[in-house]
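Descriptive structure summary
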Amino acid sequence: MERIVVITGGSMGIGKATATLFRQKGDTVLSIAMQIDEEYPEESYVADISNEEQVKNIISQIGEKYHKIDVLVNNAGIGVNGALELVPSDVFDKIMDVNIKGAYLVTKYALPYMKKGGKIINISSVSGMFPSPFRSLYCFSKSALLMSTMCQRMELSRAGIDVCAVCPGEVKTGFMKKRVRIEDTNERYGKQVERAFAFLDKHDGGKRMPPEKVAKVIFKQAKRKRSKPFVIVGASFKLIYFGIRILPTRWVLGLTNKFMGGGSIE
């Protein structure tokens, strides 16, 4: 049966790959993004998802036209790297607006059009599960999205609406190139920031999973009668998650900090 699928950030990267897969399977996909999807302009809506009036208006248009939303994929997000102390307040606000408030607003206005059997899939990240030096703002924004997923999964269980988080590892998209880079430092951090960015840049062109792999996981969870609470995408990250659960936190933080270029924890 054809489903009505709404995807934020559906014009590129994971969102684009997910939209393509759902369409190939016969679903109608509606993208909400900052730019129009030129391949499917009639199914593409341009909006800043942190703007409540814009979100409310677009979801109302979708509801009036299709009368339902079967699957909602909250995919839109922004990355940021740098020492939290030195992140400008306006950058902080923008990251939180898109990564958290945006998902909240789209879900808020989509829910009246969702019925029993509906699916909400939030695209979090392994960064929401694994602490990383000089990625703190992105990490806790994605951690907040993961936690809200768990909470809404319980809240919406009686209504029969399923909520799941998909947590990808490193994906081959333009996301890293578009992330906000705060390379400022001070006497507290010295060259730690520089080393952390050097690590990120060195691995930016390394082996990364294609966005189509993440799209397949999203589609699989949307097809399940009952999705998993969260799914980690990437075998190595599943192994890391297992290690984090059994090792002392101090060891995890020390190893991660040293490995990712920040330095060592005394």
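To start, this report covers the structure provided alongside it. A quick note: this is a predicted structure, and the numbers were derived from the prediction, not measured.

**Comments concerning the pairing of strand 6 (residues 119-123)**
The buried count for strand 6 comes to 5 of 5 residues, which makes it a mostly enclosed element. Going residue by residue along strand 6, you find Lys119, Ile121 and Ile123 tucked away on one face and Ile120 and Asn122 tucked away on the opposite face as well. Direction of pairing for strand 4 (residues 71-74) relative to strand 6: parallel, over a ladder of 4 bridges. Opposite Val73, over in strand 6, you have Ile121 as the bridge partner. The pairing of strand 6 with strand 7 (residues 162-168) spans 5 bridges and is parallel. Its bridge partner being in strand 7, Asn122 is matched across the sheet by Ala165. For the handedness criterion, the β-α-β arrangement of strand 6, helix 4 (residues 136-155) and strand 7 is classed as right-handed.

**Looking at the pattern of salt bridges**
Within the structure shown, the criterion is met by 11 salt bridges. Linking Glu39 and Lys16 is a salt bridge whose minimum nitrogen-to-oxygen distance equals 3.0 Å. Taken as a pair, Glu39 in the loop between strand 2 (28-33) and strand 3 (44-46) and Lys16 in helix 1 (residues 13-24) lie far apart in primary sequence, 23 residues in all. Accessibility expressed as a relative area gives 58% for Glu39, which makes it exposed. A salt bridge links Asp162 to Lys119, with the shortest nitrogen-to-oxygen separation between them at 3.0 Å.

**Quick look at the sheet that holds strand 9 (residues 230-233)**
Taken together, the 7 strands give an open sheet; going across it, the order is 3-2-1-4-6-7-9, and neighbouring strands pair in parallel fashion. Bordering the open sheet on either side are strand 3 and strand 9, each of which pairs with just one other strand. Averaged over neighbouring strand pairs, the angle between their axes works out to 15° when direction is ignored. With respect to the sheet, helix 4 is in contact with strand 6, strand 7 and strand 9, its orientation differing from that of strand 7 by roughly 155°. Against the sheet, helix 7 (residues 211-223) makes contact with strand 4, strand 6, strand 7 and strand 9, and its axis sits at roughly 155° relative to strand 6, the strand it touches most.

**A few points about helix 7**
The first and last C-alpha atoms of helix 7 sit 19 Å apart over 13 residues, in line with the 18 Å expected at 1.5 Å per residue. Here helix 7 has its buried residues at Pro211, Val214, Ala215, Val217, Ile218, Phe219, Gln221 and Ala222. Check the buried side of helix 7 and you find it contacts helix 1, strand 4, strand 6, strand 7 and strand 9.

**A closer look at the environment of Val73**
Structurally, the position occupied by Val73 is in strand 4. Looking at Val73, the relative accessible area reads 1%, which means it is buried. For the pair Val73 and Ser31, spaced 42 residues apart in the sequence, the C-alpha separation amounts to 9.7 Å. In this view, Val73 contacts Val6, Ile7, Thr8, Ile121, Ile123 and Ile218; residues no more than four positions away in its chain are not counted.

So, how was this worked out
- Residues numbered from 1 in each chain as written.
- Predicted model: local features only at pLDDT ≥ 70, side-chain atom pairs only at ≥ 80, totals over all residues.
- Heavy atoms only, no water.
- Buried < 20%, exposed > 50% of the residue type's maximum accessible area, 1.4 Å probe, protein only.
- Helix = DSSP H or I, 4+ residues; strand = E, 2+ residues; numbered from the N terminus.
- Pairing = 2+ DSSP bridges.
- Right-handed = clockwise from strand over helix to strand, strands pointing away.
- Salt bridge = Lys/Arg side-chain N within 4 Å of Asp/Glu carboxyl O.
- Axes fitted to C-alpha atoms, helices over the stretch in contact; angles between N-to-C directions.
- Contact = heavy atoms within 4.5 Å.
- Expected span 1.5 Å × (residues − 1).

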